[in-house]
Amino acid sequence: MKMYSIPTPTMAQVIMVDDPITTAEFVISALRDFFDKSLEEAQALTSSIHRDGEGVCGVYPYDIARHRAEWVRDKARELDLPLKLLVEEIR
């Protein structure tokens with residue numbers, strides 16, 4: 001019997017970048033709705049993003065990270081918010 005190895009998916013982190021316009025309420029909501037954070041986790045991460053200029057929302061297989069970031073970008077655009085999210089491969 002031939003043995004096959006399952007390739008490990010490329011992982012990526014979604015990074016949210018602070019800006020002076022996007023509200024904390026939107027960021028908390030996005031972290032809860034799109035990144036499955038609890039209210040407490042979302043509030044703490046929002047504070048960290050504001051303080052440090054950016055923060056990691058989550059680590060996922062690359063395609064999932066890209067899709068989650070795009071969903072949040074789309075929602076922010078609907079509200080005319082300039083929120084920036086980066087998707088960076090983890091090597």
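Scroll up to find the structure this text is about.
What counts, and at which threshold
Residues numbered from 1 in each chain as written. Predicted model: local features only at pLDDT ≥ 70, side-chain atom pairs only at ≥ 80, totals over all residues. Heavy atoms only, no water. Core = buried A, V, L, I, M, F, W, Y, C linked by side-chain atoms within 4.5 Å. Buried < 20%, exposed > 50% of the residue type's maximum accessible area, 1.4 Å probe, protein only. Helix = DSSP H or I, 4+ residues; strand = E, 2+ residues; numbered from the N terminus. Contact = heavy atoms within 4.5 Å. Pairing = 2+ DSSP bridges. Axes fitted to C-alpha atoms, helices over the stretch in contact; angles between N-to-C directions. Salt bridge = Lys/Arg side-chain N within 4 Å of Asp/Glu carboxyl O.

J.: How do you make sense of the nonpolar core when you look at a structure like this?
T.: Proteins that are soluble and globular tend to have nonpolar side chains buried together. In terms of nonpolar packing, the biggest core is built from 21 residues, with V14, M16, L31, F35 and L85 touching the most fellow members. In terms of residue count, the dominant contributor to this core is helix α1 (residues 24–35) (six residues). Setting aside residues no more than four positions away along its own chain, F35 makes contact with V14, A30, C57, Y60, R68, V72 and L85.

J.: Can you walk me through the pairing of strand β1 (residues 11–17) in this structure?
T.: Burial within β1 is extensive, with five of its seven residues counted as buried. One ladder, built from seven bridges, connects β1 with strand β3 (residues 84–90); its direction is antiparallel. Following the sheet pairing, V14 is matched in β3 by V87.

J.: Whenever I open this one, the sheet that holds β3 confuses me. Can you help?
T.: By way of backbone hydrogen bonds, the strands of a sheet pair with one another, either parallel or antiparallel. Strand order in the open sheet formed by three strands is β2-β1-β3, with antiparallel pairing between adjacent strands. Edge positions in the sheet fall to β2 (54–61) and β3, since each has one partner strand and no second. Averaged over all pairs of adjacent strands, the angle between strand axes in this sheet comes to 25°, irrespective of strand direction. The pairing of β1 with β2 spans seven bridges and is classified as antiparallel. By the bridge assignment, Q13 is partnered in β2 with V59.

J.: Looking at this model, I keep getting lost on the environment of A42. Mind explaining?
T.: For A42, the position within the fold is in helix α2 (residues 39–52). The buried category is assigned to A42, whose relative accessible area is 0%.

J.: Any chance you could explain the pattern of salt bridges here in plain terms?
T.: Within this structure, the stated rule accounts for eight salt bridges. Here D52 and R51 are joined by a salt bridge, their closest N and O atoms 3.2 Å apart. Taken together, the shared-partner salt bridges in this structure form one network comprising E70, R73, D74 and R77.

The values are spatial; any link to function lies outside them.
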